[in-house]
Amino acid sequence: MKMICTNCGYVYDPAEGDPMGGVEAGVAFEALPEGWVCPLCYAGPAAFDAYG
Amino acid sequence: MRPSLSSLYQAVELRSAIPPLLIGERTNANGSKLFRERLLADDFAGCLQIGLEQEANGAQVLDLCAAYAGRDELRDMCELVSRFARSVKIPLMIDSTTPEVIEACLKLYPGRCVVNSVNLEDGGRTARRVFGLIRKYGAAVVALTIGEQGMAMTAEDKVALARRLHGLAVDTCGLRPSDLLFDALTFTVGAGDETLRSAAVQTLRAIREIKASLPGVGTVLGLSNISFGLAPASRRILNSVFLHEAVEAGLDAAIVDAGKIVPLARISEREREVCLDLLYDRGGEGEGPGPLPRFIEYFKGAAPAAQEAVAGAGAGRFEGAERAVSRQVVEGVREGLEDNLAILVRRLAPLAVINQILVPAMRQVGELFGRGELLLPFVLQSAEVMKRAVAWLEPLLSREEASQRTRVLLATVQGDVHDIGKNLVEIIFSNNGYEVVNIGIKVPAETIIAKARECGADVIGLSGLLVKSALIMRENLAQFREAGLRQPVLLGGAALTPRFVAESCVPSYDAPVVYCADAFAGLAALRAHEAGSLTSTVWRAAAQATAVRPSARGGEVQRGVPVPEPPFYGCRHVTEIDVAEVLPYVNIEALFRGRWGYRRAKLSAEEYEALLEGTVRPLYRELSRRAVEEGLVQPRVAYGYYRCYSAGDALCVVDGGKEYRFPFPRQAAAPHLCIADYFRSEAEGGDVAGFFVVTTGEALDREAHALYGADRYRDYLMTHGFGVEVTDALAEYWHARMRRELGIAGSEPADLNGYVTQGYQGSRFGFGYPACPELEAHRPVFELLRPERIGVTLSETLQMVPEQTTSAIVAHHPQAKYFAV
């Protein structure tokens, strides 16, 4: 499932991963590495909300 | 499967395990004056509110009727049904006799509803048509015992009509008996009409007979007709007693004002006798007054239970005021609150009402929030109800009781003007039974120490949004230790992390120092403190990997990027800005989900869409309208372009023969980014930098503070959040304009998401934000831009006033993007 950052609106799409954060495509949001933050505003995973 | 009705949200069995099924009657243009007035004023939201109140008061199904002379019933019902379907959790009863209206509603409604009603007035022509629709859309239907001669008065006539309707529905139109609900209609026993003295008896007999002779069908009754013409307080008692008798006779569902049903246990034996005499027409044979005069006489003295029944409006169905008040807090419903409290304080001490009912209810609110089942705006509505309840009870508390509560001192630290976070914490703490002393923003450590001693604070809470505020908190703690304070300190704010608190703050103080992610984490800390189990935040470095920092885009910063030619050098001030042009830049997702807290959380995509469409978007539209039409937003901009060159980690800006130095921090870890790198050095030929200060004025701030002062917590959050995001939108809008003026707007984003991901050339870096946390830069920025001319000033702690103001340096370098040091 896609997840959106409630602080800035960045959308994490598992199909794309987060290249800037070194996360490959195919990684589910729940499986992101410990300490991962929003690549745009640095908010933590708790700031993310189900998108779509 | 048992016959049921359903809404988008839930199913309700027609044969309730504890009959009767309660059908709310107040959303009826003919039955409720308030509903009618709102309908006539096209106030559909207000109509919906009445429905939501019925639901909160215990209705399990909602009767919805908009048939009113001079109105377009089709249009009104379609509008109402779509709104109700989204927002009301209980199923609807479509109250109309017009087949066109019925069909339109059945098409619209996303569940199984029941239609009210058909009859045999025209010999069955319309009934046949409606039964067809019922079958087509799989609904249920109420059939009234009305024939060609009008409403049947005797049990025999009522039953005969029911049989005819049953035959038409089941044998001719193919409905199932369980799709039918028969309403045996009752006349009043309160008008003194001799022919109606047995009205209740006839109806009760008909209910018994219909249930016995037509297996599988249900029965329903509009309850309040029985008491027409009697005094309101006595009506509630009579209605309640009659309801009990009808259920005994086999009634499955009743159309009532759910909040006005009085539990039988609360009706005295004597009252019940008087009512039963009237209903069964007993004791009128001999000398003396008949049952009706005796009834009127008895209730003239306003019997206690009748009084209580009046006060108990909103008390819910067969449940005590305890449950009702608890539900009102959890669901954020204010109506009837004081009445319920008045009942409660006759049984419980005011302090017990707070501790045994209100506080546990708020605790439940906190738990629901923690599980993601209740969103922040609804938490604030609950807090509003709590606040009202406590305010009502407070004068009844003894001084001693009032002073027993744990006292918390709250402050936003020195140099930080942000108060929304602290104020939300105050709302949650104070409405969970804690005494809060809120000493405001920009509070120096000395003042906090003095106030903590003065008010005898048990716990101190520090708040701050700015990156720098985290460091201030650490310094404060050292000063607290020096001063000999021993109270636990709770820390909260956007720039804090549990790691920073554990590693940098905890060692600076001798009592517990606790990181609180939100107000409810703070609440948990207060409870731990009271239980003697509060401990400092710990950070287990081994267990948690270091934060992953996003890497730079494109690696090494390219040199020799062409320098754009600005349209002018120096500063300009713009006050003629069309708000309507700015609004499209508002980051809607960040506003709805972030600032306002309307997250999807555990809702399905459909439920979330319903929440957005029913509540959130209308709110945004209204604020936007007021922003444009009422001048709630007054956009003003000071901006300029300047020659500059980088020198190591600093940027030197040249204006009017004077040089202004902006030192920027550099990332300690790879890729070691620094804002200065995006500009050419003197040797590289120098560069151009843009700056802006934008404000949306003070009106929104003023309104937000007034709302906070008036305990309208939800609206406070909404107004404040709107201000923050509109100000950010103005920055976005103006940044786009500056890109155009610089001639670098070749690749502008196609949609809002493109702005979120900075899909344009260059970047803007806000002062006080992660790439340049120091506010010191505001001094040269103000010398360059003179924002005083647009009404923006600098506080002694270098923050801009009004609050809804933001500043930035604009870099044109294609690799310049947000980062954090």
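Every value quoted in this text rests on a predicted model; they were computed, and no experiment measured them.

**Some details on the overall build of chain B**
At step 1: The secondary structure content of chain B amounts to 28 helices and 26 strands.
At step 2: Relative to its 821 residues, chain B shows a buried fraction of 56%.
At step 3: A separation of at least 24 residues holds for 75% of the contacts in chain B among residues at least 6 apart in sequence.
At step 4: By element, 51% of the accessible surface of chain B is carried by carbon and sulfur atoms, the whole surface being about 33,200 Å².

**Remarks on the packing of aromatic side chains**
Residue and element names in this part refer to chain B.
At step 1: Counting across every chain of the model gives 30 aromatic pairs over all chains.
At step 2: Here the aromatic rings of Tyr 585 and Tyr 733 are separated by 5.6 Å at their centres, their planes lie at 65 degrees, and the arrangement is edge-to-face. Of this pair, Tyr 585 sits in the loop between α22 (579-582) and α23 (588-595) while Tyr 733 sits in helix α26 (residues 713-742); the two residues are 148 residues apart in sequence, bridging distant segments of the chain.
At step 3: Considering the side-chain rings of Tyr 642 and Phe 691, the 6.0 Å spacing of their centres and the 65 degrees angle between planes classify their relative orientation as edge-to-face. Of the two residues, Tyr 642 is situated in strand β19 (residues 636-647) and Phe 691 in strand β22 (residues 687-695); the sequence distance between them amounts to 49 residues. Accessibility classification places Tyr 642 together with Phe 691 in one group, the buried group.

**Considering the pairing of strand β3 (residues 21-24) of chain B**
Consecutive side chains along a regular strand alternate between the two faces of the sheet.
All names here are of chain B.
At step 1: Covered by surrounding structure in β3 are Leu 21 and Ile 23 together with Leu 22 and Gly 24, the residues of both alternating faces.
At step 2: Across four bridges, the pairing between β3 and strand β12 (residues 253-256) is parallel. Counterpart to Leu 22 in the pairing with β12 is Ala 254.

**Some points on the sheet that holds β3 of chain B**
All names here are of chain B.
At step 1: Read once around its circumference, the closed barrel built from eight strands follows the order β3-β4-β5-β6-β7-β10-β11-β12, with strand pairing classed as parallel. Each strand of the sheet is rotated relative to its neighbour by a mean of 25 degrees, with strand direction disregarded.
At step 2: Sheet topology note: the β3/strand β4 (residues 61-64) ladder contains two bridges and is parallel. Its bridge partner lying in β4, Gly 24 is registered against Leu 62.
At step 3: Lying over the sheet, helix α7 (residues 199-213) contacts β10 (180-183) and β11 (218-222), oriented at roughly 160 degrees with respect to β11.

**Section: the confidence of the model for chain B**
Residue and element names in this part refer to chain B.
At step 1: In the predicted model, chain B carries a mean pLDDT of 89, and 94% of its residues have values of at least 70.
At step 2: Predicted confidence is poor over residues 303-319, with pLDDT under 50, and the contacts of this stretch with residues over four places away or in other chains come to 60 contacts.
At step 3: Residue range residues 542-547 is modelled with pLDDT below 50. Its contacts to residues more than four positions away, or to other chains, number six contacts.
At step 4: Under the prediction, the complex receives an ipTM of 0.89, its pTM being 0.61.

**A closer look at unusual backbone geometry**
All names here are of chain B.
At step 1: Cis geometry marks the peptide bond from Asn 116 to Ser 117; its omega dihedral reads 20 degrees.
At step 2: Looking at the secondary structure, you find Ser 117 in strand β6 (residues 114-118).
At step 3: Cis peptide bonds are those with omega within 30 degrees of zero, and the linkage from Val 801 to Pro 802 qualifies with 5 degrees.
At step 4: Tracing the chain through its elements places Pro 802 in the loop between β25 (800-801) and β26 (805-811).
At step 5: Positive phi, normally seen in glycine, also occurs at Leu 185, with a value near 45 degrees.
At step 6: In this structure, Leu 185 sits in the loop between β10 and α7.
At step 7: Residue classification places Leu 185 among the buried residues on the basis of a relative accessible area of 9%.
At step 8: Phi angles above zero are rare outside glycine, and His 672 is one such case at about 55 degrees.

**Observations concerning the sheet that holds strand β1 (residues 3-5) of chain A**
Through backbone hydrogen bonds, the strands of a sheet pair up, either in parallel or in antiparallel fashion.
Residue and element names in this part refer to chain A.
At step 1: Taken in spatial order, the three strands make up an open sheet running β2-β1-β3, and their pairing is antiparallel. Looking at the sheet topology across the chains shown, the edges are occupied by β2 (11-12) and β3 (48-50).
At step 2: Sheet topology places β1 next to β3; three bridges connect them, and they run antiparallel. Opposite Met 3, over in β3, you have Ala 50 as the bridge partner.

**Re α7 of chain B**
At step 1: Here α7 of chain B contains 15 residues, and its C-alpha end-to-end distance of 21 Å stays within 8% of the 21 Å for a straight helix at 1.5 Å per residue.
At step 2: Residues of α7 of chain B that are buried include every one of Ala 199, Ala 200, Gln 202, Thr 203, Leu 204, Ala 206, Ile 207 and Ile 210 of chain B, and no others.

**A word on the pattern of salt bridges**
For side chains bearing opposite charge, pairing can occur when the charged atoms are close.
All names here are of chain B.
At step 1: Going through the model one piece at a time under the given rule, you end up with 49 salt bridges over all chains.
At step 2: Put simply, Glu 156 and Arg 205 hold a salt bridge, and the shortest N to O gap is 2.3 Å. Here Arg 205 lies in helix α7 and Glu 156 lies in helix α6 (residues 155-172), a separation of 49 residues in the sequence.
At step 3: A relative accessible area of 47% means that Glu 156 is categorised as partly exposed.
At step 4: When the shortest N-O distance is used, the salt bridge between Glu 703 and Arg 626 registers 2.9 Å. Placement of Glu 703 in helix α25 (residues 699-709) and of Arg 626 in helix α24 (residues 605-629) is noted, with a sequence separation of 77 residues between them.

**So, the side chain of Arg 71 of chain B**
Residues and elements named next belong to chain B.
At step 1: Here Arg 71 is to be found in the loop between β4 and α3 (73-87).
At step 2: Looking at Arg 71, its side chain comes within polar contact range of the side chain of Asp 42, at 2.7 Å.
At step 3: Setting aside anything within four residues of it in sequence, one finds Arg 71 in contact with Leu 39, Leu 40, Asp 42, Phe 44 and Asp 76.

**Let's talk about the packing of helix α15 (residues 376-393) of chain B against helix α17 (residues 420-430) of chain B**
Residue and element names in this part refer to chain B.
At step 1: At a minimum axis separation of 9 Å, α15 and α17 run at an interaxial angle of 50 degrees. Looking at the two axes, α15 sits oblique to α17. The hand of the α15/α17 crossing is left-handed. Taken together, the residues of α17 that come into contact with α15 (itself represented by Leu 376, Val 379, Leu 380 and Ala 383) are Leu 424, Ile 427 and Ile 428.
At step 2: Split by residue class, the contact of α15 with α17 holds seven nonpolar, no polar and no charged.

**A few points about the interface of chain B and chain A**
At step 1: Each partner contributes to the interface: chain B provides 25 residues, whereas chain A provides 25 residues.
At step 2: For the interface between chain B and chain A, the tally reads one salt bridge.
At step 3: Across the salt bridge formed by Arg 593 of chain B and Asp 49 of chain A, the nearest N and O atoms sit 2.9 Å from each other.
At step 4: Taken together, the connections running from chain B to chain A amount to 10 residue pairs in polar contact (both at pLDDT 80 or more).

**What about the environment of Val 329 of chain B?**
Residue and element names in this part refer to chain B.
At step 1: Examined against the element boundaries, Val 329 turns out to sit in helix α12 (residues 321-331).
At step 2: Since its relative accessible area comes to 0%, Val 329 is described here as buried.
At step 3: Along the primary structure Val 329 and Lys 387 are separated by 58 residues, whereas in three dimensions their C-alpha atoms are 9.6 Å apart.
At step 4: Non-local contacts of Val 329, meaning those with residues more than four positions away in its chain, are made with Leu 358, Ala 361, Met 362, Val 365, Ser 382 and Val 385.

Here is what the cut-offs are and how they apply
Residues numbered from 1 in each chain as written. Chains lettered and ligands numbered in written order. Predicted model: local features only at pLDDT ≥ 70, side-chain atom pairs only at ≥ 80, totals over all residues. Heavy atoms only, no water. Helix = DSSP H or I, 4+ residues; strand = E, 2+ residues; numbered from the N terminus. Buried < 20%, exposed > 50% of the residue type's maximum accessible area, 1.4 Å probe, protein only. Contact = heavy atoms within 4.5 Å. Areas by Shrake-Rupley, 256 points an atom, 1.4 Å probe, with all protein chains shown as cover. Phe/Tyr/Trp six-rings, centres within 6.5 Å; stacked < 30°, edge-to-face > 60°. Pairing = 2+ DSSP bridges. Axes fitted to C-alpha atoms, helices over the stretch in contact; angles between N-to-C directions. pLDDT = per-residue confidence, 0-100. Expected span 1.5 Å × (residues − 1). Salt bridge = Lys/Arg side-chain N within 4 Å of Asp/Glu carboxyl O. Polar contact = N/O pair within 3.5 Å; in protein donor to acceptor, adjacent residues only side chain to side chain. Parallel < 35°, antiparallel > 145°, perpendicular 65-115°, else oblique. Left-handed = near helix turned anticlockwise from the far one by under 90°. Nonpolar A, V, L, I, M, F, W, Y, C, P; charged D, E, K, R; others polar.

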